[in-house]
Amino acid sequence: MRSKPKLISTTSTRDRILAQAAKHFAQRGFNATSLREITRDADANPASVHYYFSSKAELYLEVIAGFRELLSKQRNDALLAINPKLRGTRRIRAVIHAYIAPHVRLCADPAAANYVRIVARATSETSYPVEIQIPSTINTLRDEFMRALKEALPSASEERIRKAFTFTVDLMLLAPVDTVYESLAGKTAWPDDPETLIEYLVEFCTAGIVATCS
């Protein structure tokens, strides 16, 4: 009996490696992901990953780079578009919406599912190599958001603003993949309607910021 011929993928080796890397990083996080398993599932020669990417860290950065760049632009545009006449709680709400909405809207894009899970997993990683830690460009943008919050809350200390913003970011990252919600509700936390989750998160975080920083 003749063996079934092996199907040849029309996708490039590099693209197959990226696709499988996204799945593995989403399922296991950076530290627990194996390059050997990625190349095996990508049906690629083990040496090929080092041909296209010099290290696991470079591969990880390449997987998330496009989404990071997209989100940074969308957030910056949204921040600049906030009505300068807004004051107080309304301004805080607008600033938080500008940061949260772009990320949660990615949940409506099937191509972004692994990215959303990768960055959520990153919140629980115990250690990262220096080369994949948050780049200065993203921290600079986050500084702009914290500055905007400070302008709306002039009496709040920088430390309180920093804590409140950090908690907001953590909640944004975890909410779409929240396993506590899934265990309590018996259904996935992944939003059928991202806009509904955005509004809930924005209202929740705004109330918390006002309560702790006013």
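Anything mentioned here points back to the structure above.
Residues numbered from 1 in each chain as written. Predicted model: local features only at pLDDT ≥ 70, side-chain atom pairs only at ≥ 80, totals over all residues. Heavy atoms only, no water.

S.K.: Please clarify how the environment of Asn-114 should be interpreted in this entry.
M.R.: In this fold, Asn-114 is placed in helix 6 (residues 113-122). Judged by its relative accessible area of 26%, Asn-114 is partly exposed. Distance from Asn-114 to Ile-64, taken between C-alpha atoms, is 9.2 Å for residues 50 residues apart in sequence. With sequence-adjacent residues up to four places away left out, Asn-114 is seen in contact with Ala-22, Lys-23 and Ala-26. (Helix = DSSP H or I, 4+ residues; strand = E, 2+ residues; numbered from the N terminus. Buried < 20%, exposed > 50% of the residue type's maximum accessible area, 1.4 Å probe, protein only. Contact = heavy atoms within 4.5 Å.)

S.K.: Please clarify how the packing of helix 4 (residues 56-80) against helix 5 (residues 88-105) should be interpreted in this entry.
M.R.: Relative orientation and spacing of two packed helices are given, respectively, by the angle between their axes and the distance between those axes. One can describe the packing of helix 4 onto helix 5 by two numbers: an axis separation of 9 Å at closest approach and a directional angle of 155°. Regarding the angle of helix 4 to helix 5, the classification is roughly antiparallel. Relative to helix 5, helix 4 is oriented so that their crossing is right-handed. Residues Leu-71, Gln-74, Arg-75, Ala-78 and Leu-79 of helix 4 form the contact with helix 5, whose own contacting residues are Val-95, Ala-98, Tyr-99, Pro-102 and His-103. Split by residue class, the contact of helix 4 with helix 5 holds seven nonpolar, two polar and one charged. (Axes fitted to C-alpha atoms, helices over the stretch in contact; angles between N-to-C directions. Parallel < 35°, antiparallel > 145°, perpendicular 65-115°, else oblique. Left-handed = near helix turned anticlockwise from the far one by under 90°. Nonpolar A, V, L, I, M, F, W, Y, C, P; charged D, E, K, R; others polar.)

S.K.: When you look at the pattern of salt bridges in this model, what are you seeing that I'm missing?
M.R.: A pair can form between side chains of opposite charge whenever their charged atoms are brought close. What the rule picks out here adds up to nine salt bridges. Asp-77 serves as the salt-bridge partner of Lys-73, at 2.7 Å between the closest nitrogen and oxygen. Linking Lys-73 with Asp-77, this pair stays in helix 4, spanning four residues, or about one helical turn. Classification of Lys-73 by relative accessible area gives exposed; the value is 54%. (Salt bridge = Lys/Arg side-chain N within 4 Å of Asp/Glu carboxyl O.)

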